[in-house]
Amino acid sequence: MAGQKKVLGTYGAGSNHWVGDGFPVRNLFPSNGLEAEVNPFLMLDYAGPTLFKPSGKTPGVGQHPHRGFETVTIAYQGAVAHRDSSGNAGVIYPGDVQWMTAASGVVHEEMHEQEFARKGGIFEMVQLWVNLPKADKMSKPGYQAITKEQIPVVKFASGGHARVIAGELNGTRGPAHTFTEINVFDVILKAGERVEIALPEGHQAAIVLRKGDVSLNGGSALTGEARIATLGVSGASVTIEAKQDSTLLVLSGEPINEPVASYGPFVMNTREELVQAMEDYKAGKMGRLQ
Ligand code: MN
C-alpha cells in the first residue's frame, strides 16, 4: 500500500503586492522559498477577493512577455479580458480557466473586463505558473480557453465536489492539455466532510486553501485564507477533513528535474537563455499586440 503523502509544511502568504493596478495578490510561492516542494509549479498568486468600485478605467496589467512556461488563470469572481501576440483574445468569467502556453514567447495583457470594471464588484482569481520541460520551452505558444461548462464535476458523497481542470480524479479527466502529468482540482467541501483524494505516487503536491478550515491526514491544519500545505512525492493520497465550509485547490505534478533559471516573466534552464529571452523580446520576436 502506497500510503498517504506526508505534509512537508504549511505556510501563509509570503508576499502581498499588486500586479499592475488590477490584481491585489497574496503570493503563496515562490515567496515562501517553496520551489523545491512545488516542482513543476513555479508560482501561485491568489488575487482578492477584493471589492473594486465602479470605474471608468479598466485596471489590470498592460502588455508584458512570458517565455518558457504556462500561465493558468482560474476565475472565481469578476472577469478578466485577455489578448496576446499570437492573436488569441477572450474573457475569463467566473468558473472559467485560461491555460496559456507561453513556450517560445508571447506578449499579452490581462485587464479587468470593461463591463465588470464599469459596474464594479468583487474580484477573485488564481494565477498559477506551470513549468515546461526543456524540450518544450521553445515550442509554439498555445492557448486553451476552458469554459465552466467544459470542466467536469466529481461529486463527493457528503455534499462537496471537485472540478477537474487538469488530470484525473476518480476516473474523471479534466479538459486541459498538459505537457507533463499534472492534476489541478478546484474543490469545495462542506463543514464536517472528509474526503480522500488520490494523487499519484511520484507527484509533488500542494493543497491551497482559499478560505475555510481543514485538516490534512488527520493532522496539519490550514485555517483562514490564502494558506498552502506542501506534500511529498511518496504516497498516493491525501485525506482532507473540513471543519468549516472550505474552498481549496489541489495541485499535483510530476517534478521536472532540470535546472531552473528565472528572471521576472522568463523561466528557462540557463542564464544564457534568459539573456536570449530578453534580447528576443526587445527585438519583437515574441510578437506584438495588435
Ligand atoms: Mn502575464
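Above: the structure in question.
The rules behind each value
Residues numbered from 1 in each chain as written. Predicted model: local features only at pLDDT ≥ 70, side-chain atom pairs only at ≥ 80, totals over all residues. Heavy atoms only, no water. Helix = DSSP H or I, 4+ residues; strand = E, 2+ residues; numbered from the N terminus. Rg over C-alpha atoms; globule rule 2.2 N^0.38 Å. Buried < 20%, exposed > 50% of the residue type's maximum accessible area, 1.4 Å probe, protein only. Contact = heavy atoms within 4.5 Å. Areas by Shrake-Rupley, 256 points an atom, 1.4 Å probe, with all protein chains shown as cover. Polar contact = N/O pair within 3.5 Å; in protein donor to acceptor, adjacent residues only side chain to side chain. Pairing = 2+ DSSP bridges. Phe/Tyr/Trp six-rings, centres within 6.5 Å; stacked < 30°, edge-to-face > 60°. Axes fitted to C-alpha atoms, helices over the stretch in contact; angles between N-to-C directions.

Colleague: In this structure, what is going on with the overall build of the protein chain? I would like to understand it.
Modeller: If you tally the helices and strands in the protein chain, you get three helices and 24 strands. Taking 290 residues into account, the globule formula puts the C-alpha radius of gyration at 19 Å, and the protein chain, at 18 Å, falls close to it. Along the first, second and third principal axes, the C-alpha atoms of the protein chain reach 55 × 45 × 35 Å. Here the protein chain holds 290 residues, and 54% of them are scored as buried. Within the protein chain, counting contacts between residues at least 6 apart in sequence, those at least 24 apart form 72% of the total. Surface summary for the protein chain: the accessible area is close to 12,300 Å², and the carbon and sulfur share equals 51%.

Colleague: When you look at the side chain of Ser 246 in this model, what are you seeing that I'm missing?
Modeller: Considering the arrangement of structural elements, one finds Ser 246 in strand β22 (residues 246-253). Of note is the side chain of Ser 246, whose polar atom sits 3.0 Å from the backbone nitrogen of Asp 213. Setting aside anything within four residues of it in sequence, one finds Ser 246 in contact with Val 187, Ile 188, Leu 189, Leu 209, Lys 211, Gly 212, Asp 213 and Val 214.

Colleague: In this structure, what is going on with the pairing of strand β10 (residues 106-112)? I would like to understand it.
Modeller: Strand residues, when the strand is regular, have side chains that alternate between the two faces of the sheet. With seven of seven residues buried, β10 lies mostly within the body of the structure. The pairing of strand β5 (residues 60-66) with β10 spans five bridges and is classified as antiparallel. The residue bridging His 64 from the neighbouring strand is His 108, located in β10. Two strands pair when backbone bridges link them, and strand β7 (residues 80-84) and β10 are joined in this way by five bridges, in the antiparallel orientation. Residue pairing across strands places Asp 84 opposite His 108, the latter belonging to β10.

Colleague: Can you walk me through the packing of aromatic side chains in this structure?
Modeller: One pair of aromatic rings is described through two measures. These are the centre distance and the angle between the planes. Under the definition given, this model contains five aromatic pairs. On the numbers, 5.5 Å between centres and 75 degrees between planes, the contact of Phe 23 with Phe 123 is edge-to-face. On the criterion of sequence distance, the pair formed by Phe 23 in strand β3 (residues 23-29) and Phe 123 in strand β11 (residues 121-131) is long-range, its members being 100 residues apart. One exposure class covers both Phe 23 and Phe 123, and it is buried. With centroids separated by 4.5 Å and ring planes inclined at 35 degrees, the aromatic side chains of Phe 69 and Trp 129 adopt a geometry described as tilted. Taken together, the residues span a long stretch of sequence, with Phe 69 in strand β6 (residues 69-77) and Trp 129 in strand β11 at a distance of 60 residues. Phe 69 sits in the buried class, given a relative accessible area of 0%.

Colleague: What is the right way to look at the sheet that holds β7 in this model?
Modeller: In a beta sheet, neighbouring strands are held together by backbone hydrogen bonds and run either parallel or antiparallel to one another. Sheet architecture is open: four strands sit in the order β5-β10-β7-β8, paired in antiparallel fashion. Edge positions in the sheet fall to β5 and β8 (89-92), since each has one partner strand and no second. On average, each strand axis in the sheet is tilted by 20 degrees relative to the strand beside it, whichever way the strands run.

Colleague: Looking at this model, I keep getting lost on the environment of Leu 199. Mind explaining?
Modeller: Assignment of secondary structure puts Leu 199 in the loop between β18 (194-198) and β19 (204-216). Residue Leu 199 is classed as buried on the basis of its relative accessible area, which comes to 2%. Each C-alpha atom of the pair Leu 199 and Ser 234 lies 10.0 Å from the other, and the pair is 35 residues apart in sequence.

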